[in-house]
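Chain by chain, the residues:
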Amino acid sequence: MAPSDFIRTVVAQHVTEGRYQRIHTRFPPEPNGYLHIGHAKSICLNFGIAREFGGICNLRMDDTNPTKEDVEYVDSITEDVKWLIGGWADDRLGMKSKGKTPETQSVNGVADFHLAPAISNPKSEILEPFYASDYFAQLYEYALRLVKKGLAYVCDLSPEDTDKYRGAPDRPGQESPWRNRGLEENLDLFIRMKNGEFPDGSRTLRAKIDMASPNIWMRDPVLYRIRHAEHHHTGGTWCIYPMYDFAHCLSDYIEGITHSICTLEFEVHRPLYDWILENLDLPRPLPHQYEFARLSLGYTVMSKRKLMQLVNEGLVSGWDDPRMPTISGLRRRGVTPPALRDFAYNIGITKYNALTDVAVLEHAIRDDLNRRALRRLAVLRPIKVVLTNFPEGKTEELDAVNNPEDANAGTRKIPFSGVLYIEQDDFMENPSPKYFRLRPGGEVRLKYAYIIRCDEVVKDSSGKIVELRCTADLDSKSGGPTAGRKVKGTIHWVSADHAIDAEVRLYDRLFTVPEPDASGDFKQYLNPHSLEIVTAKCEPRVKDAKPELRYQFERLGYFCLDKDAQLSTDKTRLIFNRTITLKDTWAKEAHKSYE
RNA sequence: UGCCCGAUGGUGUAACGGUAGCACAGCAGACUCUGGAUCUGUUUGUCAUGGUUCAAAUCCAUGUCGGGCAGCCA
């Protein structure tokens, strides 16, 4: 069922009214960092609306600040968006033919600019995202138009003075001494700004609105600043760059966007968004801005600045470190697009600044992986078990189900022998009565195999357990005469002689507190145990693991092959990431007894 | 202290003047050759005070609390 929220309600109403020919949204990241799960919320919203109302969602680089942006980011953003919407809203993705810029048409003698998405282009044509920087020429024309209408002026105030003149939220601003320059002078100066005659910071183009407005953003906001800087997309073509407020509304207009959805902090910018569009006398229907609350998620940080800090200071291995809340990090961790979309659906869209419980994300991930993961047997922290009554050297092949949630996944054979590994956690010398795994003198079922009894605990000189000597009920094999015997616990195991080694990276939450950035330095809350690496003993079939598939190591959690496995020179090297553990009610029970 | 926005169980989110529902989490139980999954049951809520109305989570007023806004960032 499609979600319902206040934005979709408005869109649905507009569809009913026939207000627009087609619903058109956009996802407009600035290419100055990697996308994170908060962006995923926005992507699911914008593409979800396009999908539900038969519309299009443009991917647009909001690239008006050359000093902060880079192609590395436009590439990663494009990849992440395509990955997230893959198989779900691919046909709603608005891109354009490579190199294409707005088409100019004359409406009542006035130039209008429009760039439609290349929806039905032949496949041979190379598509790329939209770029706000593709509209710099048109934006410049629009600015000229504002100057000619007496609604914008060139201001010579220094950055510091501009600041002073702006006033404060509770104190009106003061008009710039350059505010009332003549039309011709403004025009001449602005053109010369564009031509590169003035140094950075010496002048700006400002909208002439109201320095006494209670809304700071209406106090003659800067529209253009001088920046003699190379731009990642337009190169050295420009030395003046439009500000967000000027570029964004007009980019929306140029692309024919109907619903421009952004986060709450832009709410106070909406009057300016409307002011610019309304004062340009544009012929086509104007886009409107709607705001929703950005995502904040427990036990992580979401700001690009902080994520960048983690990367730059080497606190994580990169933007795609599996502990990062970035889309690339989640992908590498093994999270799938449907899980992320399901999460986005579940958290909803409101204007309330909420802190979302990570449990909601974790539930979405488990729910998805439970259905798709192939089950395998692997032991993370092995302890040796010798079956004293099992014929030495004998190997049996046992049948195991690949996925109990999916009958089509079939079965496989697992080798069984008299020397095994089981999980250290699955044996306790002096457990509580509620523990129903292996204990001295106790019985446990080996999954798909026999019921065994622990007869002897062998320790080394330091007292460390090195081996468990057990006897198997040889009639209790799955399908055998006493297979129906009820034993409280069932544990996983691997035949020692047949086991293969794999490096397994066990990830945990990156921070130790729900709100790492609530106060002080967020880095002090970094979880020192967010990554632990072990060498696991795995059933032989694990060597056939494929990077696109997901696995459940039974009773442990969900795992996937890490990209490092493919990059390694030794092709047989196996490296798994733990995406998430299984729900562990025993851990909760065990924890209770400590309290 | 100017302007804008918000407030529904523990956490999120529905209900748009007419029985406060859902998800997650929690708790209890059933089932289980994964202490997983599944199933059943269950605890807990409309920020406050007034007003309008036959009827208010919903409309109005005031207050309280929380968030945002003073880049030539987006």
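What you see is a predicted model, and the numbers here were worked out from it, not measured in a lab.

A. Summary view of the overall build of chain A. Per the secondary structure count, chain A includes 14 helices and 30 strands. Structurally, chain A occupies a C-alpha span of about 100 × 50 × 45 Å along its principal axes. For chain A, the residues scored as buried account for 52% of the 595 residues in total. Considering only intrachain contacts with a sequence separation of at least 6, the fraction spanning at least 24 residues in chain A is 72%. When the accessible surface of chain A is totalled, it reaches about 26,900 Å², and 49% of it is carbon and sulfur. The positive charge centre, built from 81 side chains, and the negative charge centre, built from 86, are 3 Å apart in chain A.

B. The arrangement of the pattern of salt bridges in detail. Applying the stated rule across the entire model yields 57 salt bridges. One salt bridge in this structure joins D562 and R332, with 2.8 Å as the shortest N-O distance. Of this pair, D562 sits in the loop between β29 (557–561) and α13 (563–567) while R332 sits in helix α10 (residues 327–333), and the two are 230 residues apart along the sequence. On the basis of relative accessible area, R332 is assigned to the buried category, the value being 13%.

C. Representation of the protein's contact with RNA strand B in the model. Near RNA strand B there are 70 residues, and of these D163, R227, R375, S478 and R555 occur at the shortest range. Put simply, 66% of the atoms of RNA strand B that lie within 4 Å of the protein are in sugar or phosphate. At a separation of 3.2 Å, a base nitrogen of RNA strand B approaches a polar backbone atom of P159. In the model, a sugar or linking oxygen of RNA strand B is placed 3.1 Å from a nitrogen or oxygen of the E405 side chain.

D. Main features of the pairing of strand β11 (residues 222–226). Burial analysis of β11 places four of its five residues in the buried class, the great majority of the element. As paired elements, strand β10 (residues 204–207) and β11 share three bridges and run antiparallel to each other. In the sheet register, R206 faces β11, and the bridge partner there is V222. Pairing of β11 with strand β12 (residues 240–242), which is carried by three bridges, proceeds in the antiparallel orientation. In the strand pairing of β12, Y224 is matched with P242.

E. Structural view of the pairing of strand β27 (residues 531–538). Direction of pairing for strand β16 (residues 378–379) relative to β27: antiparallel, over a ladder of two bridges. Looking at β27, one finds that A378 is bridged to C538. Of the pairings in the sheet, the one linking strand β26 (residues 500–507) to β27 comprises eight bridges and is antiparallel in character. Each residue of the ladder has a partner; that of D501, found in β27, is K537.

F. Region of the structure containing the side chain of E396. Mapping E396 onto the fold places it in strand β18 (residues 396–401). You can call E396 buried: its relative accessible area is 11%. Of note is the side chain of E396, whose polar atom sits 2.7 Å from the side chain of K477. Beyond its immediate sequence surroundings of up to four residues, E396 is in contact with F390, I414, P415, F416, Y450 and K477.

G. Here's a closer look at the environment of E589. Relative to the helices and strands, E589 is located in helix α14 (residues 585–594). Linking E589 and V11, residues 578 residues apart in sequence, is a C-alpha distance of 48 Å. A polar side-chain atom of E589 sits 2.9 Å from a polar atom in the side chain of K434.

H. Spotlight on helix α9 (residues 304–312). Regarding α9, the residues found buried are K306, L307, Q309, L310 and V311. Within two residues after α9, G314 carries a phi angle of roughly 70°, on the positive side.

I. Expanded view of the sheet that holds β12. Strand order in the open sheet formed by four strands is β9-β10-β11-β12, with antiparallel pairing between adjacent strands. Each of the sheet's edge strands pairs with one partner strand only, and the pair in question is β9 (152–155) and β12. Averaged over neighbouring strand pairs, the angle between their axes works out to 20° when direction is ignored.

J. View of the nonpolar core. Among the nonpolar cores identified, the biggest contains 42 residues, and L139, Y142, F190, L205, Y224, F246 and L250 are the most heavily contacted of them. Breaking this core down by element, the ones donating at least two residues are α4 (136–148), β9, α6 (183–194), β10, β11, β12, α7 (244–254) and α8 (270–278). Counting residues in hydrophobic clusters, the runner-up holds 39 residues, among them F27, I37, C44 and I77.

K. Representation of the sheet that holds strand β15 (residues 374–376) within the structure. Spatially, seven strands are ordered β15-β28-β29-β30-β26-β27-β16 in an open sheet, and the strand pairing comes out mixed. Two strands close off the open sheet at either side, each with one partner strand: β15 and β16. Note that strand β28 (residues 551–553) and β29 share three bridges and pair antiparallel. By the bridge assignment for β29, F553 is matched with G557. Across the sheet, helix α12 (residues 358–372) is in contact with β15, β29 and β30 (575–581); its angle to β30 comes to roughly 120°.

L. Molecular detail of the side chain of D252. Here D252 shows up in helix α7. Reaching out from D252, the side chain makes a polar contact with the side chain of Y273 at a distance of 2.7 Å. Each residue touching D252, except ones within four places of it in the same chain, is listed here: R26, R60, I257, S260, Y273 and P287.

M. Structural view of the packing of aromatic side chains. Overall, the coordinates contain 20 aromatic pairs when judged by the stated rule. Taken together, a centroid distance of 6.1 Å and an interplanar angle of 80° make the contact between F136 and W238 edge-to-face. Taken as a pair, F136 in helix α4 and W238 in the loop between β11 and β12 lie far apart in primary sequence, 102 residues in all. Ring centres of F190 and Y224 lie 5.4 Å apart, and the angle between their planes is 65°; on these two criteria the pair is classed as edge-to-face.

N. Just unusual backbone geometry, in detail. Its identity is not glycine, yet Y448 carries a phi of approximately 70°, on the positive side. Along the polypeptide, Y448 turns up in the loop between β21 (443–446) and β22 (451–459). On the accessibility criterion, Y448 (16% relative accessible area) is buried.

Calculation notes
Residues numbered from 1 in each chain as written. Chains lettered and ligands numbered in written order. Predicted model: local features only at pLDDT ≥ 70, side-chain atom pairs only at ≥ 80, totals over all residues. Heavy atoms only, no water. Helix = DSSP H or I, 4+ residues; strand = E, 2+ residues; numbered from the N terminus. Buried < 20%, exposed > 50% of the residue type's maximum accessible area, 1.4 Å probe, protein only. Contact = heavy atoms within 4.5 Å. Areas by Shrake-Rupley, 256 points an atom, 1.4 Å probe, with all protein chains shown as cover. Lys, Arg positive; Asp, Glu negative; His and termini not counted. Charge placed at Lys NZ, Arg CZ, Asp CG, Glu CD. Salt bridge = Lys/Arg side-chain N within 4 Å of Asp/Glu carboxyl O. Near = heavy atom within 4 Å. Polar contact = N/O pair within 3.5 Å; in protein donor to acceptor, adjacent residues only side chain to side chain. Pairing = 2+ DSSP bridges. Axes fitted to C-alpha atoms, helices over the stretch in contact; angles between N-to-C directions. Core = buried A, V, L, I, M, F, W, Y, C linked by side-chain atoms within 4.5 Å. Phe/Tyr/Trp six-rings, centres within 6.5 Å; stacked < 30°, edge-to-face > 60°.

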